[in-house]
Amino acid sequence: MKSFFTTLLLLLLAEFSYGQYTEVINSRRPGFSDTPYSVGTKVYQVEAGLFYKNVGNYLYYDPLLEESFSYSGSSFGSDIMLRTGQFFERLEFSLDMAVVSENRDFTLPDNYSESAFGFSKLTLGAKYLVYKPEYADKSKEIRSWKARHSFDKRRLIPAVGVYAGLNTNLLTKLHKNPEGISPRFGIYTQNDLSNRLIVLFNFIADKVFTEEAENTYIMTVTYTLHENWSVFAENQGFFRKNVPNDFQFGAGGAYLINPNMQADFSARMIFDERGDNTYLIGGGLSWRLDKHKDKIIVGKVDNDENIMPQEKKSFFNTITFGLFAGKKSSNSGKMRQVKTSKVKTRDLQAPVNKKAQKARKKQNQRLVKEQKQKEKAQKKHNKKSENN
């Protein structure tokens, strides 16, 4: 029983320590779907862009007013997402927001116009990677060309992450939820079908427990053309209680400027059950501040001192998750904090050849015996000389 709990503890520790950090920026843009992976601990990432949206004849029913509304309009704005990994490699916190200037021309129930400027979205959330599959490294297969290029069926098993968030209601009058704040939940999956082809599925329940609740699916296919260029295609469906269903199709691409910065562009069309079309175009940048540090902790030395000095954390540094802490790094930009294991030490001695040592001992004894015989013979000779 004791060994069982020990094994279980080691497995849990392995789960928490599994690294999500990548040497190249991992951005959600330009697609609307999200990956189950986090950005990595001590990574602070900003994903921002500009967009223009033209809305067709949008129809919805307001259960509080018990009236149907229809409008067309346009909006211009910026969508911004802040992401950071803290505490565990698998855990990520995010702030998803959009600032827009929007104008709506209503035709139902009366002809009138409304405009607003401010937040159209402001959501706080957290994401956690539940499962990460392992794939075989076929590049090391040298016995068979077929085996090296065959499809690994384990790639059909996706990585899985879960998301929970809170939609705040600090929004414009055109975007406020009459029932106030609401939760948002999601399940994110990712299949790396090859080193170039990735498929993402998102299943989202938004504005849960309110009259404006909606269920959404997003499917995104991403393909890497070059180490710096990638393209994507996306399909999204909206299923709402008081609004006809919408289906969105989009495409675009991204360019990796450097390991910490990416540029993107995209275009989308939305088709609804009313036969009205809406289009959306946009582009943006993703950038990260990389303060990630790999930690390898083996044990402690006898005097419980680290080989690498530990950074002292101030109160301000703690409440800001270390965002404004000084960066201590080696020439490579990363610092590994390492502790050596506790070991027993002993004095090192030169190896001893016992046979040679024994031979030298016998030789010394023989030399001493011969010296004594010579001294005895010399004394005897001297004594005879004195008698004569």
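Higher on the page you've got the structure.
Residues numbered from 1 in each chain as written. Predicted model: local features only at pLDDT ≥ 70, side-chain atom pairs only at ≥ 80, totals over all residues. Heavy atoms only, no water.

**Student:** Help me understand the overall build of the protein, please; the structure alone is not making it clear to me.
**Tutor:** Along the backbone of the protein there are four helices and 14 strands. Per-residue burial for the protein yields a buried fraction of 34% across its 388 residues. In the protein, the proportion of contacts linking residues at least 24 apart, taken out of those at least 6 apart, comes to 60%. (Helix = DSSP H or I, 4+ residues; strand = E, 2+ residues; numbered from the N terminus. Buried < 20%, exposed > 50% of the residue type's maximum accessible area, 1.4 Å probe, protein only. Contact = heavy atoms within 4.5 Å.)

**Student:** Honestly, the layout of surface pockets in this entry has me stumped. Any pointers?
**Tutor:** Empty pockets left among the atoms are what a rolling probe the size of a water molecule brings to light. Of the volumes computed, that of the second largest pocket is approximately 1,200 Å³. Forming the boundary of the second largest pocket are 41 residues, of which Ile25, Asn26, Gln190, Ile198 and Thr224 lie nearest the centre. At the level of elements, strand 6 (182-192), strand 7 (197-206), strand 8 (214-224), strand 9 (229-240) and strand 10 (246-258) are the ones that each hand at least two residues to the lining of the second largest pocket. Broken down by class, the residue content of the lining of the second largest pocket amounts to 14 nonpolar, 20 polar and seven charged. (1 Å grid on protein atoms, 1.4 Å probe; cavity = no way out; pocket = protein on both sides within 12 Å on 5 of 7 lines; lining within 4 Å. Points joined across faces, edges and corners; volume = space filled by probe spheres on them. Nonpolar A, V, L, I, M, F, W, Y, C, P; charged D, E, K, R; others polar.)

**Student:** I tried to follow the pattern of salt bridges on my own but got confused; where do I start?
**Tutor:** By the definition in use, this model includes 15 salt bridges. The closest approach of N and O atoms between glutamate 92 and lysine 127, which form a salt bridge, is 3.7 Å. You can see glutamate 92 sitting in strand 3 (residues 91-108) and its partner lysine 127 sitting in strand 4 (residues 112-131), a full 35 residues away along the chain. Neither residue differs from the other here; glutamate 92 and lysine 127 are each classed as buried. For arginine 240, the salt bridge identified is with aspartate 246, shortest N-O distance 3.0 Å. When its relative accessible area of 5% is taken as the criterion, aspartate 246 is described as buried. (Salt bridge = Lys/Arg side-chain N within 4 Å of Asp/Glu carboxyl O.)

**Student:** Where do I start with empty space enclosed by the protein in this structure?
**Tutor:** The tally for this structure, following the rule as stated, stands at one cavity of 30 Å³ or more. Asp34, Met81, Glu92, Phe93, Ser94, Gly125, Ala126, Lys127 and Tyr163 together form the lining of the largest cavity. Contributing elements (two or more residues each) for the lining of the largest cavity: strand 3 and strand 4. Across the lining of the largest cavity, the residue classes tally to four nonpolar, two polar and three charged.

**Student:** Is there a simple way to think about the nonpolar core in this case?
**Tutor:** Proteins that are soluble and globular tend to have nonpolar side chains buried together. Of all hydrophobic cores here, the largest spans six residues; its members are Val55, Tyr58, Phe69, Tyr71, Phe106 and Val243. Sorting the residues of this core by element identifies strand 1 (43-62) and strand 2 (67-85) as the ones contributing at least two each. (Core = buried A, V, L, I, M, F, W, Y, C linked by side-chain atoms within 4.5 Å.)

**Student:** It is not clear to me how the pairing of strand 4 should be interpreted in this structure. Could you clarify?
**Tutor:** For a regular strand, side chains alternate in direction, first toward one face of the sheet and then toward the other. Looking at chain direction, strand 3 and strand 4 are connected through 16 bridges and run antiparallel. Each bridged residue has a counterpart across the sheet, and for alanine 98 the counterpart in strand 4 is lysine 121. Counted between consecutive antiparallel strands, the loop separating strand 3 from strand 4 contains three residues. Sheet topology note: the strand 4/strand 5 (residues 159-167) ladder contains eight bridges and is antiparallel. Opposite tyrosine 131, over in strand 5, you have valine 160 as the bridge partner. (Pairing = 2+ DSSP bridges.)

**Student:** Before we go on, may I ask you to explain the sheet that holds strand 8 in this structure?
**Tutor:** In any sheet, the strands associate via hydrogen bonds between backbone groups, in a parallel or an antiparallel arrangement. With antiparallel pairing, 12 strands are arranged side by side around a closed barrel as 1-2-3-4-5-6-7-8-9-10-11-12. Strand-to-strand twist in this sheet, taken as the mean axis angle between neighbours without regard to direction, amounts to 20°. As judged from the 16 bridges shared by strand 2 and strand 3, these two strands associate in the antiparallel manner. Its bridge partner lying in strand 3, glycine 85 is registered against glutamate 92. (Axes fitted to C-alpha atoms, helices over the stretch in contact; angles between N-to-C directions.)

**Student:** For this particular structure, what's the right way to read the side chain of aspartate 246?
**Tutor:** Note that aspartate 246 resides in strand 10. For aspartate 246, the side chain forms a polar contact with the side chain of arginine 240, separated by 3.0 Å. (Polar contact = N/O pair within 3.5 Å; in protein donor to acceptor, adjacent residues only side chain to side chain.)

**Student:** Explain the pairing of strand 11 (residues 261-272) here, please?
**Tutor:** Burial along strand 11 is one-sided: Gln262, Asp264, Ser266, Arg268, Ile270 and Asp272 are buried, while Met261, Ala263, Phe265, Ala267, Met269 and Phe271, pointing the other way, are not. Alignment of strand 10 against strand 11, held across 12 bridges, turns out to be antiparallel. Across the sheet, the residue bridging to glutamine 248 is isoleucine 270, located in strand 11. Connecting the antiparallel pair strand 10 and strand 11 is a turn made up of two residues. Across 11 bridges, strand 11 lies against strand 12 (residues 277-290) in antiparallel orientation. Of the residues in strand 12, the one forming a bridge with aspartate 264 is glycine 284.

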